[in-house]
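Residue strings, one per chain:
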Amino acid sequence: MLIKENSKSLFQKAQQLIPGGVNSPVRAFRAVGGEPLFIESAKGAYLFDVDGNSYIELINSWGPMILGHGNEAIEQAVIEALRKSPSFGAPTEAEVNVAELIVEMVPSIEKVRMVNSGTEATMSAIRLARGFTKKNKIIKFEGCYHGHGDSFLIAAGSGVATMGTPDSPGVTKGTANDTLTAPYNNLEAVEALIQKNKDQIAAVIIEPVAGNMGCVLPQEGYLQGLRSLCDSHGIILIFDEVMTGFRLAKGGAQELFGVMPDLTTLGKIIGGGMPVGAYGGRKEIMDWVSPAGPVYQAGTLSGNPIAMSAGFTMLNHLNSHEGIYSQLDKISERIFHGFQANLKAVSKNYTMNRIGSMISLFFTENKVTDFESAKTSDTELFGKYFNAMLENGVYIAPSQFETLFLSTAIDEKIADLIITANLTALKSIDGL
Ligand SMILES: *Cc1c(COP(=O)(O)O)cnc(C)c1O
């Protein structure tokens, strides 16, 4: 039998062996005070820690577990693949099946390459855009997160933003010079950058709905505006749909808003819980990727059979269950309205943003439309709220600058438990 140490002693041991005790910074709970919970298992909408507590799950592995935990079809597919061998490093039918499904589901993708994480997908996509356009610079947006590639760690969002270190040591000045940053939802700023760097911009990369500064929606006409700016200046438009892909709709944000990027990056849901990423887009551009073309990109474990089986089963499920996105939307709307009623009950006018199954409660009364306005949130208050939610049995992301990720395992009854926990949590915060 496993020896069950509790979270505290595991974290102490982890800190001796792993930097900060975690393998990804936001997990350390530093932005909210306290220490991370070590998780034992999860089922449906519930998470169980090594201390014997259970929580309603609103992180869902930061998005991938959109069907909740313990989906039987995915479990079965993984077991079958495992029995055939975890890896070959050679082509398999599963890869072709996943590619076929992605091309069918995501409107702008004609060809796709599998990688092992969202970070790899975005890094590869900008290399491809640079190779294809023979230009060097990229434009990204304040508060958007595209993984930990050097080019993106220039005033990045999410974990980095929370910890107050906008740049990372180890990223060279040369790299920083090639990354330009504009505020989200501001077309004039992008136009100005393009004018100032004439014929030097290879790509504009954006989260079409931002999820890494909390949930921030693109304003009316914004994505269309970026599309036409890119068209006029021969710039590759990349939608980073690592979070929004297969979450907001079968075909992601691009389907929802009807704006087609040249390249799309995917991750999270695409692996059904296994580590997978992908980038894809127009044939003409994708055929620049080796061995079809000269832009090098490779991966020993890319297209891994277990990951492909999990991913295929996940995508197939989403593709063949028409009602899933309206079901998620209905539950999300219920939680949104419940939280709003709770805020009213405690006489607070805080801002909430929502789209599909992504929701953020910002501890600010300002409208949140970009990183600047997101940062007006009271993060100390958020920390108290986070810990109060935990005490009331709900596990949300340990940062103000994240969204709730709902799963189909949350039914109306569980949604109402979340709403009740939210009210109790809000009432328990002193100074609120
Ligand atoms: C999570 C995320 C990434 C990074 O993916 P990893 O798998 O963590 O490397 C990139 N872009 C967006 C929009 C994300 O949400």
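Treat the numbers as computed from the prediction; the structure is a model and nothing was measured.

### Section: the nonpolar core
In globular proteins that are soluble, nonpolar side chains generally tend to be buried together.
1) Next: Core analysis: the biggest nonpolar cluster contains 78 residues, and Ile102, Phe246, Leu318 and Tyr385 have the highest contact counts within it.
2) Next: Sorting elements by how many residues they give to this core places helix H12 (residues 324–345) first, with eight residues.
3) Next: Shared between two domains, this core holds at least three residues of each, these being domain 1 (5–70 + 322–428) and domain 2 (72–320).
4) Next: Within the second largest apolar cluster, 29 residues are counted, among which are Ile206, Tyr222, Leu229 and Phe239.

### Things to note about unusual backbone geometry
Excluding glycine, residues mostly have negative phi values, and the peptide bonds linking residues are mostly trans.
1) Next: Residues Ser290 and Pro291 are joined by a peptide bond in cis, for which omega reads 5 degrees.
2) Next: Residue placement: Pro291 occurs in the loop between helix H10 (283–286) and helix H11 (305–320).
3) Next: Positive phi is not limited to glycine here, since Lys268 has a value of about 45 degrees.
4) Next: The residue Lys268 is located in the loop between strand S9 (263–266) and strand S10 (277–281) in this model.

### Some details on the sheet that holds strand S14 (residues 404–405)
1) Next: Read across the open sheet, the three strands follow the order S11-S12-S14; overall the sheet is antiparallel. Strands at the two margins of the open sheet, each flanked by one partner only, are strand S11 (351–355) and S14.

### Digging into the packing of aromatic side chains
1) Next: Throughout the structure, instances matching the rule amount to twelve aromatic pairs.
2) Next: Here Phe363 and Tyr385 contribute two aromatic rings whose centre-to-centre distance is 5.2 Å and whose plane-to-plane angle is 55 degrees, an arrangement assigned as tilted. Of this pair, Phe363 sits in the loop between strand S12 (358–362) and helix H13 (371–374) while Tyr385 sits in helix H14 (residues 379–391), and the two are 22 residues apart along the sequence.
3) Next: Relative accessible area serves as the criterion here: at 2%, Phe363 is assigned to the buried category.
4) Next: Relative accessible area serves as the criterion here: at 3%, Tyr385 is assigned to the buried category.
5) Next: Three or more aromatic residues joined by ring pairs form one cluster here, namely Tyr350, Phe363, Phe382 and Tyr385.

### Observations regarding the site of the ligand
1) Next: Around the ligand, the neighbouring residues are Ser117, Gly118, Thr119, Tyr145, His146, Gly147, Glu207, Asn212, Asp240, Val242, Met243 and Lys268.
2) Next: Between Thr119 and the ligand, the recorded distance is 2.6 Å, taken from a side-chain N or O atom to an oxygen atom.
3) Next: In this structure, a nitrogen atom belonging to the ligand sits 3.2 Å away from a main-chain N or O atom of Tyr145.
4) Next: The fraction of the free accessible surface of the ligand (380 Å²) that becomes covered by protein chains is 83%.

### Section: the pairing of strand S1 (residues 39–43)
1) Next: Pairing analysis gives four bridges linking S1 to strand S2 (residues 46–49), with the strands arranged antiparallel. Opposite Ala42, over in S2, you have Leu47 as the bridge partner.
2) Next: Linkage of S1 to S2, two consecutive antiparallel strands, is achieved through a turn of two residues, within which Gly44 is found at a positive phi near 60 degrees.

### A short note on the pairing of strand S8 (residues 236–240)
1) Next: Most of S8 sits out of view: five of its five residues are buried.
2) Next: Along S8, one buried face is formed by Ile236, Ile238 and Asp240 and the opposite face, lined by Leu237 and Phe239, is buried too.
3) Next: Where strand S7 (residues 201–206) meets S8, four bridges bridge the pair, whose relative direction is parallel. Paired with Ala203 across the bridge in S8 is Ile236.
4) Next: Handedness of the β-α-β unit built from S7, helix H8 (residues 222–233) and S8 comes out right-handed.
5) Next: Bridge count between S8 and S9: three bridges; the pairing is parallel. Among the inter-strand pairings, Asp240 is bridged to a residue of S9, identified as Thr265.
6) Next: As a crossover connection, the stretch from S8 through helix H9 (residues 252–257) into S9 is right-handed.

### Re the domain arrangement of the protein
1) Next: Domains assigned within the protein are domain 1 (5–70 + 322–428) and domain 2 (72–320).
2) Next: The C-alpha-based centres of domain 1 and domain 2 are spaced at 25 Å.
3) Next: Taken as a group, Tyr325, Ile355 and Phe371 account for 23% of the area that domain 1 buries against domain 2, more than any other trio of residues on that side.
4) Next: Applying the counting criterion to the domain 1 and domain 2 interface returns one salt bridge.

Definitions and cut-offs
- Residues numbered from 1 in each chain as written.
- Predicted model: local features only at pLDDT ≥ 70, side-chain atom pairs only at ≥ 80, totals over all residues.
- Heavy atoms only, no water.
- Core = buried A, V, L, I, M, F, W, Y, C linked by side-chain atoms within 4.5 Å.
- Buried < 20%, exposed > 50% of the residue type's maximum accessible area, 1.4 Å probe, protein only.
- Helix = DSSP H or I, 4+ residues; strand = E, 2+ residues; numbered from the N terminus.
- Domains from an automatic or database assignment.
- Pairing = 2+ DSSP bridges.
- Phe/Tyr/Trp six-rings, centres within 6.5 Å; stacked < 30°, edge-to-face > 60°.
- Near = heavy atom within 4 Å.
- Polar contact = N/O pair within 3.5 Å; in protein donor to acceptor, adjacent residues only side chain to side chain.
- Areas by Shrake-Rupley, 256 points an atom, 1.4 Å probe, with all protein chains shown as cover.
- Right-handed = clockwise from strand over helix to strand, strands pointing away.
- Buried area = accessible area lost by both parts, 1.4 Å probe.
- Salt bridge = Lys/Arg side-chain N within 4 Å of Asp/Glu carboxyl O.

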